[in-house]
Amino acid sequence: MEAPLREPTFLILTALAGRPMHGYGLIAEVARLSDGRISLRPGTLYGALDRLVDGGLVAVDHEDVVDGRLRRYYRLTEPGGDLLAAEVERMRRNVQAATAQLRAAKVAPRPNRGFA
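Worth saying up front: this structure is predicted, and the values here are computed from it rather than measured.

A.B. asks: Explain the overall build of the chain residue by residue, including any values.
C.D. replies: For the chain, the count of helices and strands is four helices and three strands. Listing the helices and strands of the chain from first to last along the sequence gives α-β-α-α-β-β-α. Looking at the chain as a whole, 29% of its 116 residues qualify as buried. For the chain, the computed accessible surface area is about 8,100 Å², with 52% contributed by carbon and sulfur atoms.

A.B. asks: A description of the nonpolar core should follow, citing residues and the corresponding values.
C.D. replies: Formed by 23 residues in total, the largest nonpolar core has its most connected members in Ile12, Leu13 and Leu16. At the level of secondary structure, the elements contributing two or more residues to this core comprise helix H1 (7-18), helix H2 (23-33), helix H3 (42-54), strand S3 (69-76) and helix H4 (78-107). Among the elements that take part in this core, H1 stands out by supplying six residues, more than any other.

A.B. asks: Account for unusual backbone geometry, with residues named and values stated.
C.D. replies: Even without being glycine, Asp35 reaches a positive phi, approximately 55 degrees. Mapped onto the elements of the fold, Asp35 is located in the loop between H2 and H3. Exposure remark for Asp35: the relative accessible area of 71% places this residue in the exposed category.

A.B. asks: How would you sum up the packing of H1 against H2? Please name residues and give values.
C.D. replies: With their axes 9 Å apart at the nearest point, H1 and H2 run at an angle of 105 degrees to one another. Taken as axis vectors, H1 and H2 run roughly perpendicular relative to one another. For the pair H1 and H2, contact is made by Leu11, Ile12, Thr14, Ala15 and Leu16 and by Leu26, Glu29, Val30 and Leu33, respectively. In terms of residue class, the contact of H1 with H2 is made up of seven nonpolar, one polar and one charged.

A.B. asks: Give me the lowdown on the sheet that holds strand S1 (residues 21-22), citing residues and values where you can.
C.D. replies: The three strands lie next to each other as S1-S3-S2, forming an open sheet whose pairing is antiparallel. The two strands at the open ends of the sheet, each matched to only one other strand, are S1 and strand S2 (58-66). Bridge count for S1 against S3 is two bridges, and the pairing is antiparallel. The residue bridging His22 from the neighbouring strand is Tyr73, located in S3. H1 contacts S1, S2 and S3 of the sheet and is inclined by roughly 90 degrees relative to S3.

A.B. asks: An account of the pattern of salt bridges is needed here, citing residue identities and associated values.
C.D. replies: Under the counting rule described, the total for this entry stands at seven salt bridges. The partner of Arg92 in a salt bridge is Glu89, and the shortest N-O contact between them spans 2.5 Å. Taken together, the positions of Arg92 and Glu89, both in helix H4 and three residues apart, correspond to about one turn of that helix. Looking at Glu89, the relative accessible area reads 31%, which means it is partly exposed. Each of Glu89, Arg92 and Arg93 takes part in salt bridges that share partners, so that together they form one network.

Cut-offs applied
Residues numbered from 1 in each chain as written. Predicted model: local features only at pLDDT ≥ 70, side-chain atom pairs only at ≥ 80, totals over all residues. Heavy atoms only, no water. Helix = DSSP H or I, 4+ residues; strand = E, 2+ residues; numbered from the N terminus. Buried < 20%, exposed > 50% of the residue type's maximum accessible area, 1.4 Å probe, protein only. Areas by Shrake-Rupley, 256 points an atom, 1.4 Å probe, with all protein chains shown as cover. Core = buried A, V, L, I, M, F, W, Y, C linked by side-chain atoms within 4.5 Å. Axes fitted to C-alpha atoms, helices over the stretch in contact; angles between N-to-C directions. Parallel < 35°, antiparallel > 145°, perpendicular 65-115°, else oblique. Contact = heavy atoms within 4.5 Å. Nonpolar A, V, L, I, M, F, W, Y, C, P; charged D, E, K, R; others polar. Pairing = 2+ DSSP bridges. Salt bridge = Lys/Arg side-chain N within 4 Å of Asp/Glu carboxyl O.

Keep in mind that these numbers describe shape and distance, not what the molecule does.
Dropping the structure here:
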């Protein structure tokens, strides 16, 4: 998996950077990290987790049985952390470039086009 990451994938990796989490915890954390903009459905989350596990970016940390149901916890692997760090750096550079452009646009006088 290469950068740029899709936003849901980026947020899943970000959530797992803090600590191992189970599916419901990941859904809640992704919603929190995105200020509610990203609402993962369980099927979408588990499909993404399967791809991330297959890619070696995420691994199963442990499993618990809660109320008779298996709860699987996932953790970020070292390659997953490396990819997340690379994506953060790519995004930081993009934000830095955009910020510089916006500052330059505000400083440079704009030609008057006759609009009020």
